[in-house]
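For reference, the chains in residue letters:
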Amino acid sequence: MNFENKKQFKYGFKRGLPIAIGYLPVSFTFGLMAVNGGLPVWLAIFISFSNLTSAGQFAGTNLIFAGAGLFEIGLTTFIINIRYMLMSLSLSQKIDPNIGLRNRLIFSFGITDETFSVASMEQGRLSNAYMLGLISAPIAGWSLGTALGALICSALPQSIQSAMGIALYGMFIAIIVPPARKSKPVVIILLLSIVIHCFLRYIPIFSFISSGFRVIIATVFSAGIGAFLYPIEV
Amino acid sequence: MTIERALLAVIIMALVTYIPRALPITLFRREIKSVRIKSFLNYVPYAVLGALTFPDVFESTGNVITALCGAIVAFLLAYFNRSLVIVAVGAILTVFVTGLLF
């Protein structure tokens, strides 16, 4: 690494540190939840290290607990993570065009809602060293928080562990309610999705549809209707 | 689910999370123009989380009443913009306390 690269890496790392700190409590809660649901500590940490995402890995872990099929788990996680394509596309316009394929394959692993937001606010073209610096602390923070949560959960008494069944849903509610407060389309899409999901769940003729696919069908219909009724400039 | 199968599921999850991140930045150079597609992608996370949460949250504690109380507290905390962790901990504590009563 030459001097300029070192400087860029350091700068990126500094920009990533607040993200890493913000990740600690969330990944801590994920670690608690995963071990509470029955996963071994090492697997909980491996999920965070290899997935590095919130909604996608929460949903996937939830489906693992439900004993869903591998295809359903993969498809549901994929649909949730499709939004990264938008961020990746947007960053492709922003990075130094001379960055080679191999480096792009490496740093794109660290694209998250937060690293994307920080990277897109920077002035000028983004270098490879900057991107590597930016993603390192968040990756470490996300895994470390999970490890702490997972280890502490194993030490909690049973009565508290069973109350933690609601933790994951509490997090989901915490993610969806604030944007719903600000946007009517989001409220409509949420309600549509919930209604469709309940229909598929409770009407006997739909009982052949498995849990993961119910979620996928509800998602595609409600987000599709939402995009038709409320197109937005993103 | 066995640990081997869970591990396989996690590896699949990791792949389908990595692919959307890596593909556009390595392959495409132009941006998505369609407002409908952009809007759809923007709404997907909300739709997924809504369907994942309801009605399943009410079955998450093995007792509908404690789960309902937990969900209401989570909603109120989230409505007043408390952080993810506060909302989750608030819901857990509510379930724990109401579990002692009901």
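Model, not experiment: these values are computed from the prediction.

A. Structural detail: the confidence of the model for chain B. All names here are of chain B. Here chain B averages 89 in pLDDT, and 95% of its residues register 70 or above. The secondary structure element of chain B with the lowest average pLDDT is helix H2 (residues 35–53), at 85, and the one with the highest is helix H3 (residues 64–79), at 96. Taken over the whole predicted complex, pTM reads 0.75, whereas the ipTM for its chain interfaces reads 0.85.

B. Broad picture of the interface of chain B and chain A. At the junction of the two partners, chain B supplies 68 residues and chain A supplies 94 residues. Here chain B packs against chain A, burying approximately 7,500 Å² in sum over the two surfaces, 76% of which is carbon and sulfur. It is B:Arg21, B:Ile25 and B:Tyr43 that lose the most area in chain B upon contact with chain A, and together they represent 11% of the buried surface on that side. At the junction of chain B with chain A, the criterion picks out 2 salt bridges. Note that B:Glu59 and A:Arg201 form a salt bridge whose closest N and O atoms lie 2.7 Å from each other. Put simply, chain B and chain A have 20 residue pairs in polar contact (both at pLDDT 80 or more) between them. Counting residues per element, the side of chain B that touches chain A draws most heavily on helix H1 (residues 3–27) of chain B, at 20 residues. Considering only residue class, the side of chain B that touches chain A consists of 49 nonpolar, 10 polar and 9 charged.

C. Focus on helix H4 (residues 70–81) of chain A. An ideal rise of 1.5 Å per residue puts 16 Å on 12 residues; H4(A) measures up with 16 Å between its terminal C-alpha atoms. Of all 12 residues in H4(A), 9 are buried; the element is thus mostly enclosed. Where H4(A) is concerned, the buried positions are A:Leu70, A:Glu72, A:Ile73, A:Gly74, A:Thr76, A:Thr77, A:Ile79, A:Ile80 and A:Asn81. Contacts made by the buried residues of H4(A) are with helix H3 (55–65), helix H5 (83–92) and helix H12 (211–229) of chain A together with H1 and H2 of chain B.

D. Layout of the nonpolar core. In this structure, A:Phe58, A:Ile64 and A:Leu91 are the most contacted members of the largest nonpolar core, which totals 89 residues. For this core, the element with the most residues is helix H10 (residues 167–182) of chain A, which contributes 10 residues. Residue-level mapping places this core at the junction of two domains, with at least three residues from each of domain 1 (3–168) and domain 2 (183–234) of chain A. Residues in contact with A:Ile64, not counting those within four places in the same chain, are A:Leu39, A:Ile73, B:Met1, B:Ala6, B:Ala9, B:Val10 and B:Met13.

E. Looking closely at the confidence of the model for chain A. Looking at chain A, the pLDDT average stands at 90 and 99% of residues meet or exceed 70. Per-element mean pLDDT across chain A ranges from 74 in helix H9 (residues 158–163) of chain A up to 97 in helix H2 (residues 41–51) of chain A.

F. Seen up close, unusual backbone geometry. Residues and elements named next belong to chain B. Residues phenylalanine 54 and proline 55 are joined by a peptide bond in cis, for which omega reads 0°. Of note, proline 55 is situated in the loop between H2 and H3. Of note, the phi angle at asparagine 81 is positive, near 60°, even though the residue is not glycine. Residue placement: asparagine 81 occurs in the loop between H3 and helix H4 (84–101). Accessibility expressed as a relative area gives 49% for asparagine 81, which makes it partly exposed.

G. Main features of the pattern of salt bridges. Evaluated as defined, the whole model comprises 4 salt bridges over all chains. Close ionic contact of A:Lys7 with A:Glu4 constitutes a salt bridge, the shortest N to O distance being 3.9 Å. Of this pair, A:Lys7 and A:Glu4 are both found in helix H1 (residues 3–36), 3 residues apart, which corresponds to roughly one turn of the helix. Residues joined in a network through salt bridges with shared partners are A:Arg201, B:Asp56 and B:Glu59.

H. Looking closely at the packing of aromatic side chains. Applying the stated rule across the entire model yields 10 aromatic pairs over all chains. Pairing A:Phe9 with A:Phe13 gives two aromatic rings, centres 6.5 Å apart and planes at 20°, and the pair type is stacked. With A:Phe9 and A:Phe13 both in helix H1 and 4 residues apart, the pair spans about one turn of that helix. Ring geometry for A:Phe58 and A:Phe172: centres 6.4 Å apart, planes at 45°, overall tilted. Here A:Phe58 is found in helix H3, whereas its partner A:Phe172 is found in helix H10, with 114 residues between them in sequence. Owing to a relative accessible area of 0%, A:Phe172 belongs among the buried residues under this scheme. Ring pairing ties together the aromatic residues A:Phe30, A:Phe58, A:Tyr169 and A:Phe172, which thus form one cluster. One Lys or Arg, A:Arg181, reaches over the ring of B:Tyr79 and ends 4.4 Å from the middle of that ring. Across the ring face of A:Tyr84, the terminal group of B:Arg21 is positioned such that the distance to the ring centre comes to 4.3 Å.

Definitions and cut-offs
- Residues numbered from 1 in each chain as written.
- Chains lettered and ligands numbered in written order.
- Predicted model: local features only at pLDDT ≥ 70, side-chain atom pairs only at ≥ 80, totals over all residues.
- Heavy atoms only, no water.
- pLDDT = per-residue confidence, 0-100.
- Helix = DSSP H or I, 4+ residues; strand = E, 2+ residues; numbered from the N terminus.
- Contact = heavy atoms within 4.5 Å.
- Buried area = accessible area lost by both parts, 1.4 Å probe.
- Salt bridge = Lys/Arg side-chain N within 4 Å of Asp/Glu carboxyl O.
- Polar contact = N/O pair within 3.5 Å; in protein donor to acceptor, adjacent residues only side chain to side chain.
- Nonpolar A, V, L, I, M, F, W, Y, C, P; charged D, E, K, R; others polar.
- Expected span 1.5 Å × (residues − 1).
- Buried < 20%, exposed > 50% of the residue type's maximum accessible area, 1.4 Å probe, protein only.
- Core = buried A, V, L, I, M, F, W, Y, C linked by side-chain atoms within 4.5 Å.
- Domains from an automatic or database assignment.
- Phe/Tyr/Trp six-rings, centres within 6.5 Å; stacked < 30°, edge-to-face > 60°.
- Lys NZ or Arg CZ within 6 Å of the ring centre and 35° of its normal.

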